[in-house]
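One-letter residues, chain by chain:
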Amino acid sequence: MTLRLKHLGWLIAAAAPVAAFAQTSVTLYGRIDGGVEYLNHIATPNGSSTRWSAEGGDWGTSMFGLKGFEDLGGGMSTVFNLETAFQVMNGTTGGGRLWSRRAYVGLKSDTWGQLQAGRNLFIDSDGVWEFDPFVQQAFSSASLVRGRNWQQSSNNIEYHSPVIGGFDVQAQYAFGNQSRGFNYGAADDFGRSDGIMISYHSPVLDVRGIYDELRDNNGKFSNIFTASREYFVGANVKVSKFKIQGAYTHYQAPDSPAGVADRADHYWLGATYTATPQWAVTGGGYYVKVGDGGGDASHDPSGHAIMYVLGTTYNLSKRTFLYGTVAYVRNGGNSNFSLIASPRDATSGTSPMTGESQTGAYVGMMHTF
């Protein structure tokens, strides 16, 4: 018995340097958002209606996740991230997916950057929010493009470069994983998708450019707001207590049905004033112009809309804040864009009747952990 314990002590002593070398960290994190929302002029089969509702995720998606790394030595580490969205008002999660937002594993090098594989936010979703004054809240840059810039995609291979002189590059490639064709995707999912993002960050100025391709499950660019090519450029300017943010996006869908509008342009400009460490106010304007062509139940015709948003946040602590946002969208005669990213079909989601304006507001609380 004494001999066995002695041998066990040798094994523990021998393993100790390895354990100290291979450090591992796992973090549980998340955020919870809940509040009350008002929205008028919602189209129904019998006309327009007004809705008051308890809502979760108006300021930002409620979610929780696990992320971690293992130090492999020599500036190299293994990384992983598992993250799912959930609806705080009814407890449902992820649209049927255990990890709806992120599920990837990868290797990270201090010298060469990070290479990962799995499910992740689509590259424009990961890149646009930082240049949106309303950080892709319910009333934000996603509204007038029907959620085109807040998607997730599966089967990703993704690369993040190290930051060199303030510049970095991110590239993403999502396989369709179908035997029937390279660009195809599973039913009710996207086809092969890809993109590249180049960013520059400094204490005063941030600039980002994105090019991406989001195909439908038949491998086509068939709808400017659901399956299209995107060209994005955005900038942030930080001066004293102000942050000014602007962006331009161009969409092309060359495989759209004949006669249907196949391009659109989206602009925004806004600013945040941080009056105190606790209180900030943000205002912004968003404009979309759909190019020439007709429309149908799922394709927007030539038209335009402009949206104005005003919001405020008040920090109760480092992890908890209160928020309030009001907005108004004015549609052109052919358009029916909602304050909340919603399908073209005026009888579903929150879209108003064609040519009708819409007013909305929400208040709530966000807690992060």
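Bear in mind the structure is a predicted one, so any value in this text is a computation, not a measurement.

## Here's the deal with the overall build of the protein chain
Thought 1: Within the protein chain one finds two helices and 17 strands.
Thought 2: Against the 2.2 N^0.38 benchmark of 21 Å for 369 residues, the protein chain shows a C-alpha radius of gyration of 23 Å, consistent with a compact globule.
Thought 3: In the protein chain, which comprises 369 residues, the share counted as buried stands at 45%.
Thought 4: Contacts in the protein chain between residues at least 24 apart in sequence constitute 58% of all its contacts with a sequence separation of at least 6.
Thought 5: Carbon and sulfur atoms provide 62% of the accessible area of the protein chain, an area that totals close to 17,600 Å².

## A closer look at the pattern of salt bridges
Thought 1: Under the counting rule described, the total for this entry stands at 17 salt bridges.
Thought 2: Between aspartate 189 and arginine 97 there is a salt bridge, with its nearest N and O atoms 3.8 Å apart. Of this pair, aspartate 189 sits in the loop between β8 (167-174) and β9 (193-201) while arginine 97 is found in the loop between β4 (76-85) and β5 (102-109), placing the two residues 92 residues apart along the sequence.
Thought 3: Look at aspartate 189 and you get partly exposed, because its relative accessible area is 24%.
Thought 4: Taking relative accessible area as the criterion, arginine 97 reaches 34% and is therefore assigned partly exposed.
Thought 5: Of the charged contacts in the structure, one is a salt bridge between arginine 148 and aspartate 212, with a shortest N-O distance of 2.8 Å.

## Remarks on the side chain of serine 140
Thought 1: Relative to the helices and strands, serine 140 resides in the loop between α2 (123-128) and β7 (152-160).
Thought 2: A polar contact of 2.7 Å, which involves the side chain of serine 140, links it to the backbone oxygen of glutamine 137.
Thought 3: The residues touching serine 140, leaving out its near neighbours within four places in the chain, are Asp132, Phe134, Tyr286 and Met307.

What counts and how
Residues numbered from 1 in each chain as written. Predicted model: local features only at pLDDT ≥ 70, side-chain atom pairs only at ≥ 80, totals over all residues. Heavy atoms only, no water. Helix = DSSP H or I, 4+ residues; strand = E, 2+ residues; numbered from the N terminus. Rg over C-alpha atoms; globule rule 2.2 N^0.38 Å. Buried < 20%, exposed > 50% of the residue type's maximum accessible area, 1.4 Å probe, protein only. Contact = heavy atoms within 4.5 Å. Areas by Shrake-Rupley, 256 points an atom, 1.4 Å probe, with all protein chains shown as cover. Salt bridge = Lys/Arg side-chain N within 4 Å of Asp/Glu carboxyl O. Polar contact = N/O pair within 3.5 Å; in protein donor to acceptor, adjacent residues only side chain to side chain.

Functional significance is not addressed by these values, which are geometric in nature.
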